[in-house]
Amino acid sequence: MATPRFIKNPSGPVLGVTDIPVLKVDGLYFKDMERTGSLLPYEDWRLPAKERARDLASRLSVEEIAGLMMYSAHQMVPSLQGSPFAAAYRGKSFEESGAEPWEMTDAQKKFLSEDHVRYVLAMYIQNGEIAARWNNEMQAFCEALPHALPVNISSDPRHGASKAAAEFKSEAADTSKWPDGMAMAATFDPDLCREFGRVVAQEYRALGIATALGPQIDVGTEPRWMRVEDTYGVCPELVTDMARAYCDGLQTDPGASSDAEGWGSDSVSAMVKHWPGGGPCEGGRDAHYPFGKFAVYPGRSLDQHLKPFLEGAFKLDGPTGKAAAVMPYYTVSWRVDPSGQNVGNSYSKYIINDLLREKYGYDGVVCTDWGITQDPDDKIDSFGSRCYGCENMTEAERHLRILENGVDQFGGNNDIKPILEAYRLGCKKYGEKAMRERFERSAARLLLNSFRCGLFENPYLDPKESVRILGCKEFCEAGFAAQLKSVVMVKNNGVLPVSGRKKVFIPGRTIDERKNFFRGLNGKQSQAGADRKKVEEFFEWADSPKEADFAVCFIESPLSDGYSEETGYRPIMLQYRPYTAMEARKESIAGGDFREDFSNRSYFGKSNRAANEKDLDLILDTRRAMPDKPVIVVVRMHNPCVLAEFEPYADAILVDFGVEEKAVLTLISGRAQPEGLLPVQLPADMETVERHAEDTPLDYCPYKDSHGNVYDFGFGMNWNGVIHDERNAKYHR
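Only a predicted model underlies this, so the values are computations on that prediction, with no experimental measurement involved. Residue indices follow the written sequence of each chain, beginning from 1 at its first position. Thresholds applied to this predicted model are a pLDDT of at least 70 for local features of residues and 80 or more for the giving and counting of side-chain atom pairs; totals over whole chains, interfaces and linings are not thresholded and use all residues. Each side-chain value is worked out from all heavy atoms of the structure, with water and hydrogens disregarded.

A. Geometry of the overall build of the protein. A helix here means a DSSP run of H or I that spans at least four residues, while a strand means a run of E at least two residues long, and both kinds are numbered starting from the N terminus. Regarding its fold elements, the protein presents 20 helices and 30 strands. The size measure is the radius of gyration over C-alpha atoms, and the globule rule it meets is 2.2 Å times the number of residues to the 0.38 power. Taken against the 2.2 N^0.38 rule, which gives 27 Å for 733 residues, the C-alpha radius of gyration of the protein at 26 Å falls within 12% of a compact globule. Its C-alpha atoms give the protein principal-axis dimensions of about 85 × 60 × 55 Å. Any residue under 20% of the maximum accessible area for its type is buried, any over 50% is exposed, and the rest in between are partly exposed; the area is computed with a 1.4 Å probe on protein chains only. The proportion of buried residues among the 733 residues of the protein is 64%. Computed with the Shrake-Rupley method and a 1.4 Å probe, the accessible areas treat only the protein chains shown as cover for residues. About 26500 Å² of surface is accessible on the protein, with carbon and sulfur atoms providing 49% of the total.

If you want it as structure tokens, here you go:
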């Protein structure tokens, strides 16, 4: 087990080392990472981080730089048998090996030593103590390798109070829980978002994480998109302010030295996504899958999608100035390139080099989204196959093209061979000197973020301190208070709040078989409507409507799929009952794929149904069983959906964009008052959705309820009625 020691400088950073030599120069201590016995520029923490990064980049071999350009696969700590991305320990499963849960896997030792990987993506982490010890094991292992390059651990979001199925959601049970994405947007409070970013940074660094794969700052103009729930909503101004605030909170270390430009050992680098905006996907289909690869701009509103980057993440109020990294989306941004090329964004010279790098002057790290360089799958209904528009190239040729555009790093690529082959191809095309310089530019950018975050001085953690920080009372209370602020009440017939220990009936739910994120099948599910123990903290549990004083129906927004092998393209639904798309385009805007002998992806006249259609029946059945008693509906809203089917039958409706059950029950019981505002429009019907432009904000007709309230952007209610305050005065249509 790694046992680091810590050396305090009389003025300067604390050094964390295991067995590396330490130099004393001018009464100060420095790591002898190159083991030369003399102080080199990259070892001198007194120098600017950019100067140190350039110096070290010049010392690395091509193979070592290629290692920096790769991200590891998702790591499970520990890697249990049968879990996703399972790995071995000394040739055996974790259970058979007798390994400690923080030990490194065989694969980790290989990709750190042989493939020179230094960006490691953590997915599952059992707890904070194990995370800290695992971090220390990796850092000690790498300290013994040439240049003592520290590991930069990264993570997908892991603070969300409610799990979501649209993208990888990581978990660490020790972190505080906060509203994320649209839930945070529903507070309409950038200052709160900044506070959230600061808490995330402290808990991430306690886990060893120095890079966040987020925030997701796409403008959520397309309500059917499966990732709209992770955005800050549909208003470009609100998204921009939230993006700026979160990045400031995440990156700015309040204790940074005056010459460090806000960076320090409590900073986390933000990788904002997804340039130039993943929101306007045609028909709501997502580009994780070839059948959803096109982003379209019928409203010619590209500028609205760039705003959160150009005026938010790239123009921070704090001293770090801009987000440290950017991730382009998988999409083919249809007809955005004046040359007429329609390729995935990282393959587009116009989108990356001409716009991002040259026109807008972004000089931070650019990292591709995951898995875009491998060969395509034969099936269009597959998870992967994302080398859109470049399917006829070799893997090495794809890597070279991406490098030519100014991209620095390849998400989800663990194979060094195609990067080295791309280097050789580039040497033939441009000469070895030019390719070496090109590799060094990326190396300097990638190393800069590790220097800025203090990893070269002290990458080690104190496990006891990690346990103290993670999920501490202060952070948990702040996160829960934020959850309460994010819930939106759109209807109340005077039944809320419910005071006293009344009896509540909460019906169970049924969800039919459906495709999951990885395109496998989830079987039919039956589940309880709520956690009985949590409910009984507030109310008495009733097993039937007859004995209850009121009912709460917990449901989800409609769950549907825009493609199947049997039907081809079909509508993604925002309503519960079966739907036939008679208002859809007869000709799709974008199309064309080597697996298809047609280019029209229209689903005009086709039908679909929601896998959770029974959520609607659940409400209607409860209403019939309790005609004279209050029926409250709580919608976990992944997507802005049509409430017309059940609104007249509900006495109150709460919209939950991602909070714990306890937060909703707290509001229902009146222990807090709802404050949230809709960060999206809730559509009147599917027809208005079909007629809208995927790239245009706030362009469809919102629902008007039985009391005359319009469920438009910025609408919300509290116990006194409709909310009118400075928030919906500042952010409006």
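Let's pick the thread back up.
B. Structural view of the environment of glycine 292. Tracing the backbone through its elements, the reader meets glycine 292 in the loop between β10 (269-275) and β11 (294-295). Residues glycine 292 and tyrosine 330, spaced 38 residues apart in sequence, show a C-alpha to C-alpha distance of 9.7 Å.

C. Examining the environment of glutamine 202 more closely. Within the fold, glutamine 202 resides in helix α7 (residues 190-207). Overall, glutamine 202 belongs to the partly exposed group, its relative accessible area being 28%. Each C-alpha atom of the pair glutamine 202 and glutamate 391 lies 42 Å from the other, and the pair is 189 residues apart in sequence. Contact definition: two residues touch when any of their heavy atoms are within 4.5 Å. In contact with glutamine 202, not counting residues within four places along its chain, are Ile469 and Phe475.

D. The arrangement of the state of the cysteines in detail. By disulfide we mean two sulfur atoms from cysteines, separated by a distance within 2.5 Å. The tally for this structure, following the rule as stated, stands at 0 disulfides. Cysteine 235 forms no disulfide, and the closest cysteine sulfur to it belongs to cysteine 193, at a distance of 14 Å. We note that cysteine 281 lacks a disulfide partner, and the nearest cysteine sulfur, in cysteine 641, lies 17 Å from it.

E. Representation of the confidence of the model for the protein. Predictor confidence is given residue by residue as pLDDT, running from a minimum of 0 to a maximum of 100. Confidence along the protein averages 96 in pLDDT terms, with 98% of residues attaining 70 or more. Considering only residues more than four positions removed or in separate chains, one finds that residues 164-169, a stretch of pLDDT under 50, has 22 contacts.

F. View of unusual backbone geometry. The peptide bond linking valine 77 to proline 78 adopts the cis configuration, its omega dihedral lying at -5°. Mapped onto the elements of the fold, proline 78 is located in the loop between β5 (71-77) and α3 (94-97). With an omega of 10°, the peptide bond running from lysine 273 to histidine 274 counts as cis. By secondary structure assignment, the location of histidine 274 is in strand β10. The phi dihedral of alanine 148 falls on the positive side, at around 50°, and the residue is not glycine. The topology assignment puts alanine 148 in the loop between α5 (128-143) and β7 (152-155).

G. Main features of α5. With 16 residues, α5 should reach 22 Å at 1.5 Å per residue; the first-to-last C-alpha distance of 22 Å fits that figure. For α5, the buried fraction is high: 13 of the 16 residues fall into the buried class. Whenever a nitrogen or oxygen atom comes within 3.5 Å of another N or O atom, the pair is scored as a polar contact, on the condition that within protein one atom can donate a hydrogen and the other can accept it, and that pairs from neighbouring residues in sequence are kept only if both atoms are in side chains. A distance of 3.2 Å separates the backbone nitrogen of glutamate 129 from a side-chain oxygen at the start of α5, and that oxygen is part of asparagine 127. What a helix is expected to span follows from its residue count: subtract one and scale by 1.5 Å.

H. Region of the structure containing the packing of α7 against helix α15 (residues 473-486). Interaxial angles span 0 to 180 degrees and are taken between N-to-C directions of axes, which are lines fitted to C-alpha atoms, for helices over the stretch in contact. Where α7 meets α15, the axes come as close as 11 Å, and the angle between the chain directions of the two elements is 145°. In this structure, α7 meets α15 at a crossing whose hand is left-handed. Contacts from Leu192, Glu195, Val199, Gln202 and Glu203 in α7 reach Phe475, Ala478, Ala482 and Lys485 in α15. Basically, the charged four are Asp, Glu, Lys and Arg, the nonpolar ten are Ala, Val, Leu, Ile, Met, Phe, Trp, Tyr, Cys and Pro, and anything else, Gly included, counts as polar. Considered class by class, the residues forming the contact of α7 with α15 number 5 nonpolar, 1 polar and 3 charged. Handedness of a helix crossing follows the sense of rotation of the near helix relative to the far helix, less than a right angle counterclockwise being left-handed and clockwise being right-handed.

I. Geometry of the packing of helix α1 (residues 49-59) against helix α13 (residues 432-452). In the contact formed by α1 and α13, the axes pass within 8 Å of each other and the chain directions differ by 135°. As the angle between them shows, α1 and α13 are arranged oblique. Two packed elements cross with a definite hand, and for α1 against α13 that hand is right-handed. Seen from α1, the contacting residues are Ala49, Lys50, Arg52, Ala53, Arg54, Leu56, Ala57 and Ser58; seen from α13, they are Arg436, Glu440, Ala443, Ala444, Leu447, Leu448, Phe451 and Arg452. Taken together, the residues of the contact of α1 with α13 break down into 9 nonpolar, 1 polar and 6 charged. Roughly parallel here means an angle under 35 degrees, roughly antiparallel means over 145, roughly perpendicular means 65 to 115, and every remaining angle is called oblique.

J. Summary view of the packing of aromatic side chains. Working definition: rings of Phe, Tyr and Trp (its six-membered ring) pair if their centres are within 6.5 Å, and the pair is stacked with planes under 30 degrees apart, edge-to-face with planes over 60 apart, and tilted otherwise. Evaluated as defined, the whole model comprises 32 aromatic pairs. The rings of Tyr289, Phe291, Phe383, Phe517, Phe518, Tyr563, Tyr569 and Phe598 are connected pair by pair, giving a single aromatic cluster. Positioned over the ring face of tryptophan 102 is arginine 133, at 5.1 Å from the centre of the ring. Only when the NZ atom of a Lys or the CZ atom of an Arg is both within 6 Å of the ring centre and within 35 degrees of the ring normal do we say a charge sits over the ring. The ring of phenylalanine 383 has arginine 386 lying over it, and the distance from NZ or CZ to the ring centre is 4.5 Å.

K. Representation of the nonpolar core. Put simply, buried Ala, Val, Leu, Ile, Met, Phe, Trp, Tyr and Cys residues joined by side-chain atoms within 4.5 Å make one nonpolar core. Counting 216 residues, the largest nonpolar core has Trp275, Phe439, Leu447, Phe646, Phe657 and Ile668 as the members making the most contacts within it. A total of 9 residues in this core trace back to one element, the largest contributor, which is α7. Apart from residues lying up to four places away in sequence, leucine 447 is in contact with Ala53, Leu56, Ala57, Leu60, Leu68, Leu149 and Phe456.

L. Quick peek at the pattern of salt bridges. The working definition used for a salt bridge is a side-chain nitrogen of Lys or Arg within 4 Å of a carboxyl oxygen of Asp or Glu. Within the structure shown, the criterion is met by 52 salt bridges. Residues arginine 727 and aspartate 725 are paired through a salt bridge, measuring 3.0 Å at the closest nitrogen-oxygen approach. Here the salt bridges share partners, and the residues they tie into one network are Asp512, Arg577, Arg609, Glu613, Lys614 and Asp617.

M. Representation of the side chain of aspartate 32 within the structure. Among the structural elements, aspartate 32 can be located in the loop between β4 (28-31) and α1. One buried charged side chain, aspartate 32, makes no salt bridge at all; its nearest oppositely charged neighbour is arginine 35, positioned 7.2 Å away. There is a polar contact of 3.1 Å between the side chain of aspartate 32 and the backbone nitrogen of threonine 36. Setting aside residues up to four positions removed in sequence, aspartate 32 forms contacts with Ile20, Pro21, Val22, Leu23, Gly37, Ser38 and Glu43. Here the positive residues are Lys and Arg and the negative ones are Asp and Glu; neither His nor the chain ends is included.

N. Representation of the pairing of strand β22 (residues 550-556). Most of β22 sits inside the fold, with 7 of its 7 residues counted as buried. The pairing of strand β16 (residues 503-505) with β22 spans 2 bridges and is classified as parallel. Directly across from phenylalanine 505, in β22, lies its bridge partner alanine 551. Strands qualify as paired when DSSP identifies two bridges or more between them. Taken together, the 6 bridges between β22 and strand β27 (residues 631-636) define a ladder with parallel strand orientation. When the sheet's bridge partners are listed, glutamate 556 is paired in β27 with arginine 636.

O. View of the side chain of arginine 401. Mapped onto the elements, arginine 401 comes out in helix α11 (residues 395-405). No salt bridge is formed by the buried arginine 401, whose closest oppositely charged neighbour, glutamate 404, lies at an N-O distance of 6.3 Å. Separated by 2.6 Å, the side chains of arginine 401 and glutamine 341 make a polar contact. Once residues lying within four places of it in the same chain are set aside, the contact partners of arginine 401 are Gln341, Val343, Tyr347, Cys390 and Met393.

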